[in-house]
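# Report on the structure
Okay, here's what each chain looks like letter by letter:
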There are 2 protein chains.
Amino acid sequence: MVRISSTDRRSALIDAALRVIGRDGIHAATTRAIVAEADMSLASFHYVFQSRDDMMHGLVASLIETQTLAALASITETTDIHRALRLGLQAYFEVLVAHPQHEQALMELLLYSLRSDDLADLPRQQYARYHSAVAELLVAAASSARVSWTRPVADIARTIVCITDGVTLAWLADRDAEASARVLDFAADSLAVLTRPLDAEHHNPERVHTP
Amino acid sequence: MVRISSTDRRSALIDAALRVIGRDGIHAATTRAIVAEADMSLASFHYVFQSRDDMMHGLVASLIETQTLAALASITETTDIHRALRLGLQAYFEVLVAHPQHEQALMELLLYSLRSDDLADLPRQQYARYHSAVAELLVAAASSARVSWTRPVADIARTIVCITDGVTLAWLADRDAEASARVLDFAADSLAVLTRPLDAEHHNPERVHTP
DNA sequence: GTCTATAATGGGATAGAC
DNA sequence: GTCTATCCCATTATAGAC
């Protein structure tokens, strides 16, 4: 009976939808399940959203806006780039283990979006955002550790996203935390090789980026 | 009107289900869509399968049986392990680009299985099979190239599966083939480092596996 | 074994009172 | 703006004739 603004309802329903998807999967995220989770009537749903697909679009768009990749942010606080990469990847993994439903929900939404005409543009934006966010972290970490990257940062960022996605899928499938940690450590080893000290004592005429 | 054996019907329906999932996604793989694809009646479906979930279990189990990872098999035909890794990963990527629906269907089935009580054991089996299949290829390739791996083959196999899965997701999202190829090439570079020649001229006392 | 017909359920969306 | 009640369709599964 209380009147709630349209925007508040929108975000409340989007939050509820995300909880339902995380808990029960995207196929269980019916309009009825969502309004039950948000404790609203079905009609309220259709007052603020034209359709279920309209809500899904809002949900994915909101995720793209707000995803922060906070876990990897610890990467910037260091003077040792190898250690920074390792800790950043480990931090991501800890978030995954703590909230597997969240990562699984993101995967389900990605695959769902790829099937929908309305949402088809969003996966590209989502990954562009992942890549640029990780690239920013890589630049900050390199600067803080006084090194430069020897390959384009965009490529390294994409590699990191590929590795975290791949580790996520494998861990969701078999829950082998030790094996997943070894993959991440190997990734950190391999990526750390792609740096060179910024303030070398002797002049180094090589190009920063490989040709 | 023609009588078909139960087992033939089963496999025909499973094939049809896989085609529907590949074309339209797992949420579109209703019993009706599947029997239409297989050109059967709805009742025939329930004659051979107790329920839709029963069929899904048969589908995933059959995929686990038959998946061959043929693409990576080209990895074994070489004397240069770095080249072998690169070609193997590139071959996988070509299969992905040629049949993206197939890889997407596998991802959807994985996430679907993780949500279902009946199918919850299958993802673990699926990834165990991936890992052992890749491990076998790695052993064969190393033998053919007269090198040995300096880390446990199981870990390297898992790394490769993580990379291919991650590259698959990213490419499905943004279809950037060049960037994906650079990630795979970097992976080949990094993995090739984990080998040492088998028939070194001088005796090398170090352990084969890192401690 | 195979079919048509239908039961039973769940879901998206809307009408219309308040 | 918010609610209840309802329409209408798709879906799973089964019944029962042949």
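These remarks concern the structure in this document. (Residues numbered from 1 in each chain as written. Chains lettered and ligands numbered in written order. Predicted model: local features only at pLDDT ≥ 70, side-chain atom pairs only at ≥ 80, totals over all residues. Heavy atoms only, no water.)

Time to look at the overall build of chain A. The number of helices and strands found in chain A is nine helices and two strands. When the helices and strands of chain A are listed from N to C terminus, the series reads α-α-α-α-α-α-α-β-α-α-β. With respect to the principal axes defined by its C-alpha atoms, chain A has extents near 75 × 35 × 30 Å. For chain A, the proportion of its 211 residues judged to be buried stands at 52%. Split by element, the accessible area of chain A, about 10400 Å² in all, is 53% carbon and sulfur. Measuring between centres, the 19 positive side-chain charges of chain A sit 3 Å from its 27 negative side-chain charges. (Helix = DSSP H or I, 4+ residues; strand = E, 2+ residues; numbered from the N terminus. Buried < 20%, exposed > 50% of the residue type's maximum accessible area, 1.4 Å probe, protein only. Areas by Shrake-Rupley, 256 points an atom, 1.4 Å probe, with all protein chains shown as cover. Lys, Arg positive; Asp, Glu negative; His and termini not counted. Charge placed at Lys NZ, Arg CZ, Asp CG, Glu CD.)

Glancing now at unusual backbone geometry. All names here are of chain B. At Asp39, a residue that is not glycine, the phi angle is positive and equals roughly 60°. Mapping Asp39 onto the fold places it in the loop between helix H2 (31–38) and helix H3 (42–48). Among the residues examined, Asp39 registers a relative accessible area of 71% and is labelled exposed. The backbone of Arg175 sits at a positive phi, close to 55°, despite the residue not being glycine. Assessed through its relative accessible area of 41%, Arg175 is described here as partly exposed.

What follows concerns helix H9 (residues 177–192) of chain A. The end-to-end C-alpha separation of H9 of chain A is 22 Å, in line with the 22 Å expected for 16 residues at 1.5 Å each. Among the residues of H9 of chain A, Ala179, Ser180, Val183, Leu184, Asp185, Phe186, Ala187, Ala188, Ser190, Leu191 and Ala192 of chain A are the ones counted as buried. Against the buried residues of H9 of chain A lie helix H5 (81–98), strand S1 (147–149), helix H8 (153–174) and strand S2 (195–197) of chain A together with helix H8 (153–174) and helix H9 (177–192) of chain B. Its side-chain oxygen at 3.4 Å from the backbone nitrogen of Glu178 of chain A, Asp176 of chain A defines the N-terminal cap of H9 of chain A. (Expected span 1.5 Å × (residues − 1). Contact = heavy atoms within 4.5 Å. Polar contact = N/O pair within 3.5 Å; in protein donor to acceptor, adjacent residues only side chain to side chain.)

Facing the 43 residues of chain A at the interface are 43 residues of chain B. Interface of chain A and chain B: buried area, both sides summed, is about 3700 Å²; carbon and sulfur atoms make up 62% of it. Three residues, Arg115, Arg158 and Phe186 of chain A, lead the burial of chain A against chain B; their summed loss comes to 21% of the area buried on that side. The residue Asp174 of chain A makes a salt bridge to Arg158 of chain B at a minimum N-O spacing of 2.3 Å. At the junction of chain A with chain B, the criterion picks out 22 residue pairs in polar contact (both at pLDDT 80 or more). Looking at the side of chain A that touches chain B, the elements with two or more residues in it are helix H1 (6–24), helix H6 (100–115), helix H7 (122–145), H8 and H9 of chain A. Per-element accounting of the side of chain A that touches chain B gives the leading share, 13 residues, to H8 of chain A. (Buried area = accessible area lost by both parts, 1.4 Å probe. Salt bridge = Lys/Arg side-chain N within 4 Å of Asp/Glu carboxyl O.)

Before going further, it helps to examine the protein's contact with DNA strand D. With respect to spatial proximity, 17 residues lie near DNA strand D, and among them Arg3, Ile4 and Arg9 of chain A together with Thr31 and Arg32 of chain B are the closest. One of the side-chain nitrogen or oxygen atoms of Ser41 of chain A is found 3.3 Å away from a phosphate oxygen of DNA strand D. At a separation of 2.3 Å, a phosphate oxygen of DNA strand D approaches a polar side-chain atom of Thr31 of chain B. Those elements that provide at least two residues to the surface near DNA strand D are helix H3 (42–48) of chain A together with H2 and H3 of chain B. It is H3 of chain A that provides the largest number of residues to the surface near DNA strand D, a total of three residues. A per-class count over the surface near DNA strand D returns six nonpolar, six polar and five charged. (Near = heavy atom within 4 Å. Nonpolar A, V, L, I, M, F, W, Y, C, P; charged D, E, K, R; others polar.)

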